[in-house]
Amino acid sequence: MDDTVTISQENVTLESGSQVAGFMEGDQVTMDQLLHCLLVYSANDAASAIAEHVGGSTDKFVEMMNSFAAELGCTGTHFTNPHGLQDENHYTTAYDMALIASAVYQKEDFQRIEQTLEYKLGKTNLVEEERILDQNHKMLWPENYYYYPYAKAGKTGYTDQSKTTLVTMADNGNMRLAAVVLGDYGVDAYEDTRNMFEYGFGNFRKVMLSEQSKSEDKKSFADS
């Protein structure tokens, strides 16, 4: 998280209309700063910089993404870039995104960063003024109409081709759920996500197998 990353020309050469933190070629920032820009503000220049630094090149990082997705059990996913901008060969499914959400939510750094509502990006070697980046996910803002008290983390997304996409993780103290909406329309994604959570929390509960009666062919369980 303390690695210093130098922004390259490739990191800031993105398609018109991309959401960016406003980095310049030669900017020097930490990995922690980049992850805040990515997860809080959906900055595509940050995504590109992270990929290049971690993978050695964007192509190598994309290979890592696809390998990790396969390890998680994703069967309908293929990544071609680190930021999700339009590419016919870059695709996923709601189920696969739920698998990825479940895995990433185990990371303490991810949980910490996701709780940030306003991130102050400090001065860099090239930019004198501080920048304030707001959390994009409306369900995480207590004063927002779409606030959901159990929502703990999530990621917004939008392109003209994919429409509104939303991945959200929620925890009611008894159970954690991940909700995924793809191809939705604007704020409908928040309503649909809330409805799924309400259904999930209202109709399901965790059962510990070790506390249940066993059928005759089962002597014990490997774990709880």
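Everything here concerns the structure above.
All values derive from a computational prediction rather than experimental measurement.

A. The arrangement of the overall build of the protein chain in detail. The secondary structure content of the protein chain amounts to seven helices and seven strands. N-terminal to C-terminal, the α/β element order of the protein chain is β-α-β-α-α-α-α-α-β-β-β-β-β-α. If you line up the protein chain on its principal axes, its C-alpha atoms span 70 × 40 × 35 Å. With 224 residues in all, the protein chain has 40% of them scored as buried. A sequence separation of at least 24 residues applies to 47% of the contacts in the protein chain between residues at least 6 apart. As displayed, the protein chain has an accessible area near 12,900 Å², and 48% of this comes from carbon and sulfur atoms. A gap of 9 Å separates the mean positions of the 17 positive and 35 negative side-chain charges of the protein chain.

B. Summary view of the packing of aromatic side chains. Taken as a whole and judged by the stated rule, the model has seven aromatic pairs. Pairing tyrosine 150 with phenylalanine 201 gives two aromatic rings, centres 5.5 Å apart and planes at 75°, and the pair type is edge-to-face. In this pair, tyrosine 150 is assigned in the loop between strand E4 (131-134) and strand E5 (151-159) and phenylalanine 201 in helix H7 (residues 188-203), connecting sequence segments 51 residues apart. Its relative accessible area of 14% is what places phenylalanine 201 among the buried residues. Seen from their ring centres, tyrosine 199 and phenylalanine 204 are 6.0 Å apart, and the 70° between their planes marks the pair as edge-to-face.

C. Representation of unusual backbone geometry. A positive phi angle is found at serine 42, which is not glycine, with a value near 60°. Of note, serine 42 is situated in the loop between helix H2 (31-41) and helix H3 (44-55). Despite not being glycine, lysine 163 has its phi angle at roughly 65°, a positive value. With respect to the helices, strands and loops of the structure, lysine 163 is situated in strand E6 (residues 163-171). The exposure class assigned to lysine 163 is partly exposed, which follows from its relative accessible area of 31%.

D. Examining the pairing of E5 more closely. Sheet topology places E5 next to E6; eight bridges connect them, and they run antiparallel. What sits directly across from threonine 156, in E6, is leucine 166. Two successive antiparallel strands, E5 and E6, enclose a turn made up of three residues.

E. Fine view of the sheet that holds E6. The strand order E5-E6-E7 describes an open sheet built from three strands, whose pairing is antiparallel. At either end of the open sheet lies a strand with only one pairing partner, and these are E5 and strand E7 (176-184). Strand-to-strand twist across the sheet, computed as the mean angle between neighbouring axes with direction ignored, equals 5°. As defined by bridge partners, E6 adjoins E7 across seven bridges and the pair is classed as antiparallel. Note on E7: the bridge partner recorded for alanine 170 is leucine 177. In the packing of H7 onto the sheet, the strands contacted are E5, E6 and E7, and the crossing angle to E7 comes to about 145°.

F. Structural context of the pattern of salt bridges. Under the defined criterion, the tally for this structure stands at five salt bridges. In this structure, lysine 120 and glutamate 130 form a salt bridge, with 3.8 Å as the shortest nitrogen-oxygen distance. Taken together, the positions of lysine 120 in strand E3 (residues 118-121) and glutamate 130 in the loop between E3 and E4 put the pair ten residues apart, joining distant regions of the chain. We note a salt bridge from lysine 218 to aspartate 217, for which the minimum N-O separation is 3.3 Å. Lysine 218 sits in the partly exposed class, given a relative accessible area of 43%.

Rules of the game
- Residues numbered from 1 in each chain as written.
- Predicted model: local features only at pLDDT ≥ 70, side-chain atom pairs only at ≥ 80, totals over all residues.
- Heavy atoms only, no water.
- Helix = DSSP H or I, 4+ residues; strand = E, 2+ residues; numbered from the N terminus.
- Buried < 20%, exposed > 50% of the residue type's maximum accessible area, 1.4 Å probe, protein only.
- Contact = heavy atoms within 4.5 Å.
- Areas by Shrake-Rupley, 256 points an atom, 1.4 Å probe, with all protein chains shown as cover.
- Lys, Arg positive; Asp, Glu negative; His and termini not counted.
- Charge placed at Lys NZ, Arg CZ, Asp CG, Glu CD.
- Phe/Tyr/Trp six-rings, centres within 6.5 Å; stacked < 30°, edge-to-face > 60°.
- Pairing = 2+ DSSP bridges.
- Axes fitted to C-alpha atoms, helices over the stretch in contact; angles between N-to-C directions.
- Salt bridge = Lys/Arg side-chain N within 4 Å of Asp/Glu carboxyl O.

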